[in-house]
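Close look at the chain arrangement
One-letter residues, chain by chain:
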2 protein chains.
Amino acid sequence: MSRTREDLVAVALRLLDAHGLADVSMRRVAGELDLQPSALYHHVASKQELLGAVADEVLRRGARPRGAVTWDERVVEVAHELRDAMLAYRDGAELVSTVIAFGLGATQPLEDLTAALGDSGLDESLVPTAARTVLHLVLGHTIEEQTHLQAGSAGAIDADPLPADFGTGLGFVVDGIRARVAEGSTAM
Amino acid sequence: MSRTREDLVAVALRLLDAHGLADVSMRRVAGELDLQPSALYHHVASKQELLGAVADEVLRRGARPRGAVTWDERVVEVAHELRDAMLAYRDGAELVSTVIAFGLGATQPLEDLTAALGDSGLDESLVPTAARTVLHLVLGHTIEEQTHLQAGSAGAIDADPLPADFGTGLGFVVDGIRARVAEGSTAM
DNA sequence: ACCTGAACACCGTTCAAGT
DNA sequence: ACCTGAACACCGTTCAAGT
């Protein structure tokens, strides 16, 4: 039977979780599918496109029902969902960050944050910046957290404390946005 | 004459700025110095160590005299210095972020932010998280800004607006930290 | 449409041997 | 101490040819 794009994504995701991002190569993916490397290019245009699809799959699998009603609780909810989705796969945070940086996928989190902040009453010219500020914090924190966790699980005496607390860092940013929301509404 | 470690760093920095991070390879650096690739390993232990030294050099060259006296002005000053230092070299933000993530250098910015926040009156247990929150924002924002600027200079009709404003995003974070400082001092 | 086989132009790193 | 030469074990991508 002929392989599908979904087969490539599934194999790449398995290699990612088992061996890390550095071991997700086109040649390895092809080998797992008993194909020549060149055959992959019938299903994806490039390795970057494949990684984009893998990142989207990581986020899709981490999707959860949302319960928050206020904008600030919604932002915190989306941030936690994103973090947990990335932590669920080895090198997940590095993968998603890379894909976002190169503009090849993983656009949902920014859209969700933008939607939540659109309901905040924040001046609409500030919404894109606020959404990106939250996104950058979540990505940066989670890369650091995951590196730390993976380093701990492979060796070390075990479980020294994380260098930063996610909820606290997120609180700084949300509090800063909230202050600007209040400022805007009193100026009206 | 025999080459020094500083020669490798200088060549790598030149390749970085001229061709981008992807073109900084051990073989290219060796070629520029008329050396065999294996000869580089007499001066650095690995490519990662060389990139760490290059990142430190980028930051060293971007160092400026500091004028701010209050903790919040100092944080903003350090943040702008870091951003400008990275923007001064092609792929500078990606390089510094990678080096920080892998723990191979570029430790000065976090130290500077930690020092500034140590004078804020913020509960000392929150200082590491606050410093990292600022650092993650600066790195994430600047990677995005530099990608956008480099994409614009290579092609496009030119200069569409940046997706986020640095000062505004930094303001959200600093305001959030300031709110916690105020909270701590009233609780005392 | 899907795949093979072969090639092109590369990588980082190790190690015996030379001076 | 510093470097060469050769090797090892890889990369992403293209393209003519097969079925």
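Computed from a predicted structure; not experimentally measured.

Residues and elements named next belong to chain A. Structurally, chain A comprises domain 1 (5-56) and domain 2 (65-182). For domain 1 and domain 2, the distance between their C-alpha centroids amounts to 26 Å. At the junction of the two partners, domain 1 supplies 13 residues and domain 2 supplies 13 residues. Summed over both partners, the interface of domain 1 with domain 2 buries about 1100 Å², with 65% contributed by carbon and sulfur atoms. Considering only the side of domain 1, the residues that lose the most area to domain 2 are D17, L21 and Q48, jointly responsible for 41% of the buried surface there. Inspection of the region where domain 1 meets domain 2 yields zero salt bridges. Inspection of the region where domain 1 meets domain 2 yields four residue pairs in polar contact (both at pLDDT 80 or more). Going through the elements one at a time, α1 (5-19) and α3 (47-61) are the ones with two or more residues in the side of domain 1 that touches domain 2. Per-element accounting of the side of domain 1 that touches domain 2 gives the leading share, six residues, to α3. In terms of residue class, the side of domain 1 that touches domain 2 is made up of seven nonpolar, four polar and two charged.

This part is about the side chain of T129 of chain B. Looking at where T129 of chain B falls in the secondary structure, it is placed in helix α7 (residues 127-153). Once you skip the residues sitting within four places of it in the chain, T129 of chain B turns out to touch P163, A164, D165, T168, G169 and F172 of chain A.

Further remarks concern the protein's contact with DNA strand C. Not every one of the 19 residues close to DNA strand C is listed here, only the nearest: S38, H42 and H43 of chain A together with R27 and Y41 of chain B. Sugar plus phosphate: this is where 48% of the atoms of DNA strand C within 4 Å of the protein reside. With respect to DNA strand C, the backbone of R3 of chain A contributes an N or O atom lying 3.1 Å from a phosphate oxygen. Within the backbone of M26 of chain B, an N or O atom sits 3.0 Å from a phosphate oxygen of DNA strand C.

On to the interface of chain B and chain A, then. Opposite the 27 residues of chain B that make contact, chain A presents 26 residues. When the two sides are added together, the surface that chain B and chain A hide from each other amounts to roughly 2200 Å², 64% of it contributed by carbon and sulfur. The largest contributions to the chain B side of the interface with chain A come from T129, H136 and F172 of chain B, which together make up 29% of the buried area. Linking chain B with chain A are four salt bridges, by the criterion used here. Linking R180 of chain B and D175 of chain A is a salt bridge whose minimum nitrogen-to-oxygen distance equals 3.1 Å. Our enumeration of links across chain B and chain A arrives at 12 residue pairs in polar contact (both at pLDDT 80 or more). Elements supplying a minimum of two residues to the side of chain B that touches chain A: α7 and α8 (166-187) of chain B. In terms of residue count, α7 of chain B provides more of the side of chain B that touches chain A than any other element does, 12 residues in total. By residue class, the composition of the side of chain B that touches chain A is 12 nonpolar, 10 polar and five charged.

Our focus in this paragraph is the nonpolar core. Counting residues in each nonpolar core, the largest one holds 113 residues, and the members touching the most others are I177 of chain A together with I177 of chain B. When neighbours within four sequence positions are excluded, I177 of chain B is seen to be in contact with F172 of chain A together with W71, L117, L122, A130 and V134 of chain B.

The rules behind these values
Here, residues in each chain are numbered from 1, in the same order as that chain's written sequence. Think of it this way: whatever chain is written first is A, whatever ligand is written first is 1, and the rest follow in order. Per-residue local features are limited, in this predicted model, to residues with pLDDT of at least 70; the limit for side-chain atom pairs, both in listing and counting, is 80 or more; totals at the level of whole chains, interfaces and linings are taken over all residues. The basis for every side-chain value is the complete set of heavy atoms in the structure, and neither hydrogens nor water enter the calculation. Annotation comment: domain bounds sourced from an automatic or database domain assignment. The contact criterion used is simple: two residues touch if any of their non-hydrogen atoms lie within 4.5 Å. Here's the idea: put two parts together, see how much 1.4 Å probe accessible area each one loses, and the total over both is what we call buried area. Definition used for salt bridges: Asp or Glu carboxyl oxygen within 4 Å of a side-chain nitrogen of Lys or Arg. We call two N or O atoms a polar contact when they sit within 3.5 Å, provided that within protein one can donate a hydrogen and the other can accept it, with sequence-adjacent residues counted only if both atoms are side-chain atoms. Helix and strand assignments follow DSSP, with helices taken as H or I runs no shorter than four residues and strands as E runs no shorter than two, numbered in order from the N terminus. The classification used treats Ala, Val, Leu, Ile, Met, Phe, Trp, Tyr, Cys and Pro as nonpolar, Asp, Glu, Lys and Arg as charged, and all other residues, Gly among them, as polar. Only heavy atoms are used to decide nearness, and a residue is near a molecule or strand if one of them lies within 4 Å of it. Put simply, a nonpolar core is a bunch of buried Ala, Val, Leu, Ile, Met, Phe, Trp, Tyr and Cys residues held in one set by side-chain atoms that sit within 4.5 Å of each other. Here's how the labels work: a residue is buried when its accessible area is under 20% of the maximum for its type, exposed when over 50%, partly exposed in between, all with a 1.4 Å probe on protein chains only.

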